[in-house]
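This is what each chain is made of:
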Amino acid sequence: MLRSRPWPTHNRAGQAFRQAATAVKSTSSAFGAFYRRKRAQGGPLFAQVATANKIARTVYHLLKHHVPYHDIGAEEFERKRREHDITLLRKKAAKLGFTLVAPEDLPTTA
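Conventions and cut-offs
Residues numbered from 1 in each chain as written. Predicted model: local features only at pLDDT ≥ 70, side-chain atom pairs only at ≥ 80, totals over all residues. Heavy atoms only, no water. pLDDT = per-residue confidence, 0-100. Helix = DSSP H or I, 4+ residues; strand = E, 2+ residues; numbered from the N terminus. Phe/Tyr/Trp six-rings, centres within 6.5 Å; stacked < 30°, edge-to-face > 60°. Buried < 20%, exposed > 50% of the residue type's maximum accessible area, 1.4 Å probe, protein only. Lys NZ or Arg CZ within 6 Å of the ring centre and 35° of its normal. Core = buried A, V, L, I, M, F, W, Y, C linked by side-chain atoms within 4.5 Å. Contact = heavy atoms within 4.5 Å. Salt bridge = Lys/Arg side-chain N within 4 Å of Asp/Glu carboxyl O.

### With respect to the confidence of the model for the chain
Inference 1: Scored by pLDDT, the chain comes out at a mean of 90, with 91% of its residues at no less than 70.
Inference 2: Within the chain, the element-level pLDDT minimum falls on helix α1 (residues 12-23), averaging 93, and the maximum on helix α3 (residues 44-65), averaging 96.

### Looking at the packing of aromatic side chains
Inference 1: Taken as a whole and judged by the stated rule, the model has two aromatic pairs.
Inference 2: With 5.9 Å between their ring centres and 5° between their planes, F31 and Y69 make a pair best called stacked. Within this pair, whereas F31 is found in helix α2 (residues 30-42), its partner Y69 is found in the loop between α3 and α4 (74-95), the two being separated by 38 residues in sequence.
Inference 3: Overall, F31 belongs to the buried group, its relative accessible area being 13%.
Inference 4: Judged by centre distance (6.3 Å) and plane angle (80°), the ring pair of F34 and F77 falls under edge-to-face. Of this pair, F34 sits in helix α2 while F77 sits in helix α4, and the two are 43 residues apart along the sequence. Taken as a pair, F34 and F77 share a single burial class, namely buried.
Inference 5: Between the NZ or CZ atom of K54 and the centre of the ring of F34, over which it lies, the distance is 4.7 Å.

### Re the environment of R12
Inference 1: In this structure, R12 sits in helix α1.
Inference 2: Residues R12 and S29, 17 residues apart in the sequence, show an inter-C-alpha distance of 24 Å.

### Quick word on the nonpolar core
Inference 1: Listed in full, the six residues of the largest apolar core are A30, A33, F34, A50, A74 and F77.
Inference 2: The set of elements that each furnish at least two residues to this core consists of α2 and α4.
Inference 3: Of all the elements, α2 adds the most residues to this core, at three residues.
Inference 4: With residues up to four places along the chain from it excluded, the contact list for A33 reads A74, F77 and E78.
Inference 5: Ranked by size, the runner-up nonpolar core spans five residues in total, among them A21, V24, F31 and A52.

### Topic: the side chain of Q48
Inference 1: Relative to the elements of secondary structure, Q48 occurs in helix α3.
Inference 2: The exposure class assigned to Q48 is buried, which follows from its relative accessible area of 17%.
Inference 3: Non-local contacts of Q48, meaning those with residues more than four positions away in its chain, are made with R18, A21, T22 and Y35.

### Some points on the pattern of salt bridges
Inference 1: Summed over all chains, the structure comprises three salt bridges.
Inference 2: When the shortest N-O distance is used, the salt bridge between R79 and E76 registers 2.4 Å. You can see R79 and its partner E76 sitting in helix α4, three residues apart, about one turn around the helix.
Inference 3: The exposure class of R79 is partly exposed, given its relative accessible area of 38%.
Inference 4: Judged by relative accessible area, E76 falls into the partly exposed class, the value being 25%.
Inference 5: Three or more residues joined by partner-sharing salt bridges are found here, namely E76, R79 and E83.

Structure representation (structure tokens):
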């Protein structure tokens, strides 16, 4: 059976991470940009769980390696995401025998 919402749980850490994920939805942080992208893909509950998972993995990494957190910001997150998408498109085009041309490289007809 497919569920439309997360399983109810009494895990306090999980609840805290989900609450943190909901709190970052309107911030200009990388987590906020991630939440908004996931919300567009699968709805608010999907975005909440995905962002909570990302926050939890980040916290685990910070605690395990004793490193400070550095937020790259929403703009940098979106720029990196765009570059990643373009790279994937180029690979897919090459696999299909096409070449991708950037709009600024096209000749103008005026």
